[in-house]
Amino acid sequence: MSRDNALVSADWAEKNLGQPGLVFVEVDEDTSAYNGGHLPGAIKIDWKTELQDQVRRDFVNKAQFEALLSRKGVANDDTVILYGGNNNWFAAYAYWYFKLYGHGQVKLLDGGRKKWELDNRPLVTEVPNRAETSYTAQEQDLTIRAFRDEVVAAIGAKNLIDVRSPDEYAGRLLAPAHLPQEQSQRAGHIPTALSVPWSKAANEDGTFKSDDDLRALYAEAGLDNGKSTIAYCRIGERSSHTWFALHELLGEADVKNYDGSWTEYGSLVGVPIALGDEPGKA
Amino acid sequence: MTATTISTCGAPAQAAPLPASVDLAKETVITGVVSADGAPVAGAYVRLLDASGEFTAEVVTSDEGVFRFFAAPGTWTLRALSRHGNGDAVVAADRGINEAAVPVSL
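Owing to the predicted nature of the structure, the values given are computational and were not obtained by experimental measurement.

## Some remarks on the pairing of strand S7 (residues 85-93) of chain B
Residue and element names in this part refer to chain B.
Then, in step 1: Pairing analysis gives nine bridges linking strand S6 (residues 74-82) to S7, with the strands arranged antiparallel. Opposite Ala 80, over in S7, you have Gly 87 as the bridge partner.
Then, in step 2: Joining the antiparallel neighbours S6 and S7 is a turn of two residues.

Right, dumping it as structure tokens:
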């Protein structure tokens, strides 16, 4: 992978709105954002009600993903361009889902909704009507998804990257600071995990930093290129953003996203936890 | 907004009343209005930066220009980006509600 086939600029997107074979998809938890205005022709996917199983804590399964994309009018040979708010957190999460289920061509809009809005680019409220398709997904590609036992085994053996804010990493906050802090799980981080907040990979306008800057960022943080990497955050969406930077932009070979992330790990009985600003020992 | 927003990482509606579950004896709420020439700016992107300048959270202001964060006691920087320009403000926050205004200009 590389920047050219994983990312499109706002300029490119604006010029290519309405192109056949391109589907723009807004992914935002806040559905009122889409309803209040979206890229012309864009459809909406709700990460929480449409991409998550509504009973168990897990993703929709292959059949549910197929039904969702068929209903939304997305075909297997469409190029899907994802964008959203929160600096593309949820769009990156959805990108990772599309990769997990083997979609051929999928890209992220650099800067997402924020850059689009700050640039004063067109937004419409008209909802497109796409004909239903018959979408076929692949089995989940588990080379990009990490589960809890694998994460515990990775302590001291693989690169672990904690992409939450420094205060969440140290255990001073349990959630991003726009949310109330009362939670059931313990605070802290997985021992040996490096702290590289997702935001360091992005500019203030939400666009990704250059490949050179990204390489320097992870090298400086102490990422060992000879080892496999697992990224995590609180619920797996900010770490999708970092997974995207490492795996899709920089082309690192073995990078997984731990979607259980801190809300799972911090609730497990008996696993080691490190507190404070240092990674801690295995 | 329902209580289920707590299980996500997305920002709740900024002008909504504080959820009943929020205990102001424990929470450090930083809230205020983004304004340009005295008029509230809706749809501004407001970032909360920690004492080292690192990003902690970002929200979009409500129609009334209101933003709200749940932080911890300490010194924080608010950084707003909008079509009406950008601006910063520093706030020393304690438990309870802390109000801060963020003027922006081109």
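## A look at the environment of A:Asp205
All names here are of chain A.
Then, in step 1: Mapped onto the elements, Asp 205 comes out in the loop between strand S8 (194-195) and helix H9 (211-221).
Then, in step 2: Residue class for Asp 205 comes out partly exposed when judged on the 17 C-beta atoms lying within 10 Å of it.
Then, in step 3: A C-alpha to C-alpha distance of 38 Å links Asp 205 and Val 271, two positions 66 residues apart in sequence.

## Let's talk about the sheet that holds strand S5 (residues 105-109) of chain A
Residue and element names in this part refer to chain A.
Then, in step 1: Taking strand neighbours across the sheet as the criterion, the five strands line up as S1-S5-S4-S2-S3 in an open arrangement whose pairing is parallel. The open sheet has two edge strands, strand S1 (7-8) and strand S3 (43-45), and neither has a second partner.
Then, in step 2: Pairing of strand S2 (residues 22-27) with strand S4 (residues 79-83), which is carried by five bridges, proceeds in the parallel orientation. Across the sheet, the residue bridging to Val 25 is Leu 82, located in S4.

## Examining the nonpolar core
Then, in step 1: Ranked by size, the top nonpolar core spans 68 residues in total, and within it A:Val25, A:Ile81, A:Leu82, A:Ala91, A:Ala94, A:Tyr95 and A:Leu108 carry the most contacts.
Then, in step 2: The dominant element in this core, judged by the number of residues it contributes, is helix H5 (residues 89-100) of chain A, at eleven residues.
Then, in step 3: Mapping this core onto the domain boundaries places at least three of its residues in each of domain 1 (3-139) and domain 2 (143-265) of chain A.
Then, in step 4: Discounting chain neighbours no more than four positions away, the residues touching A:Leu108 are A:Ala6, A:Leu7, A:Leu82, A:Tyr83, A:Asn88, A:Ala91, A:Ala92, A:Tyr95 and A:Phe244.
Then, in step 5: If you look at the next biggest cluster of nonpolar residues, it comprises 28 residues, including A:Leu118, B:Val34, B:Val46 and B:Val104.

So, how was this worked out
Residues numbered from 1 in each chain as written. Chains lettered and ligands numbered in written order. Predicted model: local features only at pLDDT ≥ 70, side-chain atom pairs only at ≥ 80, totals over all residues. Pairing = 2+ DSSP bridges. Helix = DSSP H or I, 4+ residues; strand = E, 2+ residues; numbered from the N terminus. Buried ≥ 20, exposed ≤ 12 C-beta atoms within 10 Å, placed from the backbone. Core = buried A, V, L, I, M, F, W, Y, C linked by C-beta atoms within 7 Å. Domains from an automatic or database assignment. Contact = placed C-beta atoms within 7 Å.

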